[in-house]
Amino acid sequence: MKYINLLTLTSILLLFSCNKENLSQEKSKIEVENAAIKTQTEKLDSMFHINSVSKLPDYVKVEVDSMKVLSVIPIHGKDFRKNLKKPDFDLDLKNIESLKKLEKHVAENSDKSKPIVGYVTFLSYTTSVKEDKPLSQEQQKELLKIKKHINGKQEGINYLNSELKPQSILTLEL
């Protein structure tokens, strides 16, 4: 991360407001961000480099650039869902302001006396398609179609357990 945005500062302040046993979370936030970026990178690498999953031609290479974490939401206690009220605002996972509202909403409705059992992380990254070799006209036309779908800004969500290991939302112990 080359700069700290308002969302990151808000997250750090929220983490400082936790009880004494969770007070060391500032360092943990950096670890969570690194784990989220690593998880998302591995996920994308496997998706884009295993052609059977992505259905990309052999001559296409996808690169991921400028990945950053937009939000880290700590999940306190296994009964987290009982405490969380439905937000009274529209949630747009591509909008930083909306993610800030979600982060604040979860923080206000969390029982911070309970240990952190996991994290929900929201990421933003840019993908670009490159060709590995000179292409025929037919391949160039196909490459243009692929670029329309893959090139540009993308978003991702990761669910990490308390040990910062990736989890699916279905297996995250909440």
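Residues numbered from 1 in each chain as written. Predicted model: local features only at pLDDT ≥ 70, side-chain atom pairs only at ≥ 80, totals over all residues. Heavy atoms only, no water.

1. What to know about the pairing of strand β2 (residues 116-131)
Okay, so step 1: In terms of residue burial, β2 counts as a mostly covered element, since 13 of its 16 residues are buried.
Okay, so step 2: As paired strands, strand β1 (residues 60-76) and β2 are joined by 14 bridges and run antiparallel to one another. Looking at the pairing, H76 lines up with I116 of β2.
Okay, so step 3: For β2 and strand β3 (residues 152-161), the ladder comprises 10 bridges, and the chain directions are antiparallel. In the strand pairing of β3, S124 is matched with E155. (Buried < 20%, exposed > 50% of the residue type's maximum accessible area, 1.4 Å probe, protein only. Helix = DSSP H or I, 4+ residues; strand = E, 2+ residues; numbered from the N terminus. Pairing = 2+ DSSP bridges.)

2. What about the confidence of the model for the chain?
Caution applies to low-pLDDT regions: their predicted coordinates should not be interpreted in detail.
Okay, so step 1: Taken over all residues, the pLDDT of the chain has a mean of 75, while the share at 70 or more is 74%.
Okay, so step 2: Below pLDDT 50 for its whole length, residues 170-174 participates in 11 contacts with residues either more than four positions away or in separate chains. (pLDDT = per-residue confidence, 0-100. Contact = heavy atoms within 4.5 Å.)

3. Overview of the nonpolar core
Okay, so step 1: Counting residues in hydrophobic clusters, the biggest one holds 23 residues, and the most contacted among them are L56, V60, V62, V129 and I150.
Okay, so step 2: Elements supplying a minimum of two residues to this core: α2 (25-49), β1, β2 and α6 (137-150).
Okay, so step 3: Formed by 11 residues, the second largest nonpolar core is a distinct cluster that contains F89, L102, V117 and F122. (Core = buried A, V, L, I, M, F, W, Y, C linked by side-chain atoms within 4.5 Å.)

4. Considering the sheet that holds strand β4 (residues 166-167)
Okay, so step 1: Strand order in the open sheet formed by four strands is β1-β2-β3-β4, with antiparallel pairing between adjacent strands. Looking at strand neighbours, the two that pair on one side only are β1 and β4, the edges of this open sheet.
Okay, so step 2: Its contacts with the sheet place helix α5 (residues 96-109) against β1 and β2, and it is angled at close to 30 degrees to β1.
Okay, so step 3: Across the face of the sheet, α6 comes into contact with β1, β2 and β3 while running at roughly 155 degrees to β2. (Axes fitted to C-alpha atoms, helices over the stretch in contact; angles between N-to-C directions.)

5. Side note on the pattern of salt bridges
Okay, so step 1: Summed over the entire model, instances satisfying the criterion amount to three salt bridges.
Okay, so step 2: The partner of E42 in a salt bridge is K38, with the nearest N and O atoms 3.8 Å apart. Here the residue E42 and the residue K38 both occupy positions in helix α2, the gap between them amounting to four residues, near one helical turn.
Okay, so step 3: Accessibility expressed as a relative area gives 54% for K38, which makes it exposed. (Salt bridge = Lys/Arg side-chain N within 4 Å of Asp/Glu carboxyl O.)

6. Remarks on α6
Okay, so step 1: Between its first and last C-alpha, α6 extends 20 Å over 14 residues, near the 20 Å set by a 1.5 Å rise per residue.
Okay, so step 2: When we look at burial in α6, the residues that qualify are L143, I146 and I150. One side of α6 carries all its buried residues, which in axial view fall inside an arc of 65 degrees. Facing away from the buried side of α6 by over 90 degrees, the exposed positions are Q137, E138, K141, L144, K145 and K148. (Expected span 1.5 Å × (residues − 1). Arc of directions from axis to C-beta.)

7. A look at the environment of N151
Okay, so step 1: In this fold, N151 is placed in the loop between α6 and β3.
Okay, so step 2: By relative accessible area, which is 33% here, N151 ends up partly exposed.
Okay, so step 3: For the pair formed by N151 and V129, sequence separation is 22 residues and the distance between their alpha carbons is 6.2 Å.
Okay, so step 4: Sequence-distant contacts of N151, defined by excluding residues within four places in its chain, comprise T127, S128 and V129.
Okay, so step 5: There is a polar contact of 2.6 Å between the side chain of N151 and the backbone nitrogen of V129. (Polar contact = N/O pair within 3.5 Å; in protein donor to acceptor, adjacent residues only side chain to side chain.)

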